[in-house]
Amino acid sequence: MPDAVHVGSGKVRELYELDETRLLLVASDRISTFDVILPTEIPDKGRVLTGLSAFWFARTRDLVRNHLLALRDDGRSTECRRLEMLPLECVVRGYLAGSGWKDYRATGEVCGHRLPTGLVESQQLPSALFTPSTKATEGHDENIDRDRGIELVGADLYERVERTSLALYEFASRLARERGIILADTKLEFGLDDEGELVLGDEAFTPDSSRFWPADVYTPGTTPPSFDKQPVRDYCESLGWDKLPPGPELPPDVVEGTRARYIEAFERLTGCAFADYAADPNTVLS
Ligand code: PZK
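What this report covers is the structure whose coordinates are included nearby. Only a predicted model underlies this, so the values are computations on that prediction, with no experimental measurement involved.

Regarding its fold elements, the protein chain presents seven helices and 18 strands. By the compact-globule yardstick of 19 Å for 286 residues, the protein chain fits well, its C-alpha radius of gyration being 19 Å. Along the first, second and third principal axes, the C-alpha set of the protein chain runs to 55 × 50 × 35 Å. A total of 286 residues make up the protein chain; the buried ones form 50% of that total. If you take every contact in the protein chain between residues at least 6 apart in sequence, the share linking residues at least 24 apart comes to 64%.

Right, here's the structure in full:
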């Protein structure tokens, strides 16, 4: 995209302006682990994530509008409607993992939601929780409670994004579970279109925006393996790397094993062969 105006960066994605109303979201093959981007790419990772996101946008259209306008032939870039993004990261947690587990162990609460005593790591929650955060300018997102969320977007919009986020999570986690994948938690981003309508933006229910666990080895009370990144994590742990940049290069067997897991997640969830997606990305929309 030599002449396109660059308007944003994610950790592994780039956003360009196409015109006043449309953006181009491009997913690279870069991978991060322990919050560090590694120097080695995972071939086809960007296409897998783009295809998965498009699949979920197509399947959830009746729950909420979304920003997807078109998938490009390369399979890694999508033309999107330009929105006024809300200053909220809409996190939904169905299981006790990551910072949610840490907070629960310390306080018995997760982001202002009091939970029953005696829950164990990675346990499914009695019901999914909406635990929004804000994009911190430096480093990590900052968890916020309901009152702060309402200050940021107003009570009416807050309740709309909460209800919509929970409905999307229930839909996607149920479908994923039927296909052997536990969707432990997820992060969604919404915006408003020029008519003030709520629209789902960014990526949706990809392994980069969600925790995917293999259902067949899931054991409450343990730390589940990551469906996609476990070979990378295990390799990095075996090196005794201090988890500070720069990250290590990955050997070919770790790259191949990780690529296979991304493709397996794609094929299980979408029911499409990845080769068919590569030949025509639009197969994932119908
Ligand atoms: C938008 N980001 C974050 C995400 C990046 C940057 N449809 C939209 N309309 C307006 N703004 C955005 C979107 C979307 N999606 C998203 N920043 C702006 C971001 C992914 C990759 F490079």
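Take the sheet that holds strand S7 (residues 68-71) next. One open sheet holds the five strands; their spatial order is S1-S2-S3-S8-S7, and the pairing between them is antiparallel. Each edge of the open sheet carries a strand with a single partner, namely strand S1 (5-9) and S7. If you compare each strand with its neighbour and ignore which way they point, the axes differ by 30° on average. One ladder, built from five bridges, connects strand S2 (residues 13-17) with strand S3 (residues 22-27); its direction is antiparallel.

Cis geometry marks the peptide bond from Pro-245 to Pro-246, where omega comes out at 0°. Tracing the backbone through its elements, the reader meets Pro-246 in the loop between helix H5 (230-239) and helix H6 (252-270). The phi angle at Cys-111 is positive, at roughly 50°, despite the residue not being glycine. Topologically, Cys-111 is positioned in the loop between strand S11 (109-110) and strand S12 (113-114). We classify Cys-111 as buried; its relative accessible area is 17%.

When a strand is regular, its side chains alternate between the sheet's two faces. In this structure, S7 lies alongside strand S8 (residues 77-81), joined through three bridges in antiparallel fashion. Each residue of the ladder has a partner; that of Ala-70, found in S8, is Glu-79.

Considering the arrangement of structural elements, one finds Pro-132 in the loop between strand S13 (124-130) and strand S14 (133-134). A sequence separation of 44 residues divides Pro-132 from Leu-88, and the C-alpha atoms of the two residues are 6.4 Å apart. Ignoring sequence-local partners within four residues, the contact set of Pro-132 consists of Leu-88, Glu-89, Val-91, Asn-143, Ile-144 and Tyr-158.

Counting across every chain of the model gives eleven aromatic pairs. Members of the aromatic cluster, each reached through a chain of ring pairs, are Phe-55, Trp-56 and Phe-205.

Here the focus is the environment of Ser-209. Tracing the chain through its elements places Ser-209 in the loop between strand S17 (198-201) and strand S18 (210-214). When its relative accessible area of 9% is taken as the criterion, Ser-209 is described as buried. Every residue in contact with Ser-209, bar those within four places of it in the chain, is listed here: Thr-186, Lys-187, Glu-203 and Ala-204.

Moving on, we get to the side chain of Ser-226. In this fold, Ser-226 is placed in the loop between S18 and H5. If near-sequence neighbours (up to four positions away) are discounted, Ser-226 is found in contact with Phe-212, Pro-214, Arg-233 and Arg-261.

Helices that pack against each other are described as a pair by the angle of their axes relative to one another and the distance between those axes. Contact pair helix H1 (residues 45-59) / helix H4 (residues 155-178): the axes reach a minimum separation of 11 Å and the direction vectors enclose 120°. On the basis of their axis angle, the class for H1 and H4 is oblique. Considering the relative orientation of H1 and H4, their crossing is right-handed. Listed contacts from H4 to Phe-55, Trp-56 and Arg-59 of H1 are Phe-171, Ala-172 and Leu-175. Among the residues forming the contact of H1 with H4, the class breakdown is five nonpolar, no polar and one charged.

It is worth spelling out the nonpolar core at this point. In terms of nonpolar packing, the biggest core is built from 61 residues, with Trp-56 and Phe-190 touching the most fellow members. Sequence-distant contacts of Phe-190, that is, excluding residues within four places in its chain, are made with Val-64, Met-85, Leu-86, Cys-90, Val-161, Thr-164, Ser-165, Leu-168, Leu-198, Val-199, Leu-200 and Gly-201. Leu-96, Val-110, Cys-111 and Leu-119 belong to the second-largest nonpolar core, a separate cluster that totals nine residues.

Another aspect to go through is the site of the ligand. Taken together, 14 residues are adjacent to the ligand, and Gly-8, His-67, Arg-81, Leu-83 and Asp-202 come closest. At a separation of 2.8 Å, a nitrogen atom of the ligand approaches a polar backbone atom of Arg-81. At a separation of 3.2 Å, a nitrogen atom of the ligand approaches a polar backbone atom of Asp-202. Protein contact buries 84% of the 480 Å² of open area that the ligand shows by itself. Secondary structure elements with two or more residues in the shell around the ligand: S1, S2 and S3.

Rules used in this analysis
- Residues numbered from 1 in each chain as written.
- Predicted model: local features only at pLDDT ≥ 70, side-chain atom pairs only at ≥ 80, totals over all residues.
- Heavy atoms only, no water.
- Helix = DSSP H or I, 4+ residues; strand = E, 2+ residues; numbered from the N terminus.
- Rg over C-alpha atoms; globule rule 2.2 N^0.38 Å.
- Buried < 20%, exposed > 50% of the residue type's maximum accessible area, 1.4 Å probe, protein only.
- Contact = heavy atoms within 4.5 Å.
- Pairing = 2+ DSSP bridges.
- Axes fitted to C-alpha atoms, helices over the stretch in contact; angles between N-to-C directions.
- Phe/Tyr/Trp six-rings, centres within 6.5 Å; stacked < 30°, edge-to-face > 60°.
- Parallel < 35°, antiparallel > 145°, perpendicular 65-115°, else oblique.
- Left-handed = near helix turned anticlockwise from the far one by under 90°.
- Nonpolar A, V, L, I, M, F, W, Y, C, P; charged D, E, K, R; others polar.
- Core = buried A, V, L, I, M, F, W, Y, C linked by side-chain atoms within 4.5 Å.
- Near = heavy atom within 4 Å.
- Polar contact = N/O pair within 3.5 Å; in protein donor to acceptor, adjacent residues only side chain to side chain.
- Areas by Shrake-Rupley, 256 points an atom, 1.4 Å probe, with all protein chains shown as cover.

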